Amino acid sequence: QVQLEESGGGMVQVGASLRLSCVVSGSSLSMYAVGWFRQAPGKEREAVAIIKRFGGTWYATFVRARFAITRDNAENTAYLQMTSLKPDDTAVYYCAAEPDYGSFDYTSRTYKYWGQGTQVTVSS
């Protein structure tokens, strides 16, 4: 059974950086696209960054040039490096994984596997 576990969240001040990790167990990460999503209180879950099986990436406009998504297939881990954090970035961040055969709507919320989420709080 595929399981995802996020870590690295926390409470930081405006302008700080955090690196979130998503460890995949039960299967090889190399077969999957990975998405980072976030959900703030009272808002819908939204896509933040995507990394496809062969490394192509996508970023939401509101994080472009501040966040970077990477993957280490040997470690079965995906990362989200977040810099220049703002109060609007406060949310629970989730990683998700979907077997990647090239025909998936990568920014949708229909990923097959999800982690439990990690809280990121940015204070001003």
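To keep things clear, this report deals only with the structure shown in the data block. Remember, predicted model here, so these are calculated numbers, not experimental data.

Considerations on the state of the cysteines
- For the coordinates displayed, the defined rule picks out one disulfide.
- With its sulfur 2.1 Å from that of its partner, C22 forms a disulfide with C95. Between C22 and C95, the S-S dihedral sits near 65 degrees, and the bridge is therefore right-handed. Linking C22 in strand β3 (residues 18-25) with C95 in strand β9 (residues 91-99), this pair joins segments that are 73 residues apart in sequence.
- Under the relative-accessibility criterion, C22 is labelled buried at 0%.

A word on the side chain of R71
- Examined against the element boundaries, R71 turns out to sit in strand β7 (residues 67-72).
- The buried charged residue R71 lacks any salt bridge partner; its closest oppositely charged side chain belongs to D100, at an N-O distance of 6.1 Å.
- Looking at R71, its side chain comes within polar contact range of the main-chain oxygen of L29, at 2.6 Å.
- A polar atom in the side chain of R71 sits 3.0 Å from the side chain of N73.
- Not counting residues up to four positions away in its chain, the partners in contact with R71 are L29, S30, Y32, A33, V34, I51, K52, R53, T77 and A78.

How each quantity is defined
Residue numbers here run from 1 along each chain, matching the order of that chain's written sequence. pLDDT decides what is reported in this predicted model: residues at 70 or higher carry local features, side-chain atom pairs at 80 or more are listed and counted, and totals for whole chains, interfaces and linings draw on all residues regardless. The side-chain figures draw on all heavy atoms in the structure; neither hydrogens nor water molecules are used. Two cysteine sulfur atoms make up a disulfide if the distance between them is within 2.5 Å. Helix numbering and strand numbering both begin at the N terminus, where a helix is a DSSP run of H or I of at least 4 residues and a strand a DSSP run of E of at least 2. Partly exposed residues are those whose accessible area sits between 20% and 50% of the maximum for their type, while under 20% is buried and over 50% is exposed, using a 1.4 Å probe and protein chains only. The sign given to each residue is positive for Lys and Arg and negative for Asp and Glu; His and the chain ends receive no count. Salt-bridge detection follows one rule: a side-chain nitrogen of Lys or Arg within 4 Å of a carboxyl oxygen of Asp or Glu. Counting of polar contacts relies on pairs of N or O atoms within 3.5 Å, with two restrictions inside protein: one atom must be capable of donating a hydrogen and the other of accepting it, and residues adjacent in sequence are counted only when both atoms are side-chain atoms. Throughout, a contact is declared for two residues whenever any of their heavy atoms are within 4.5 Å.

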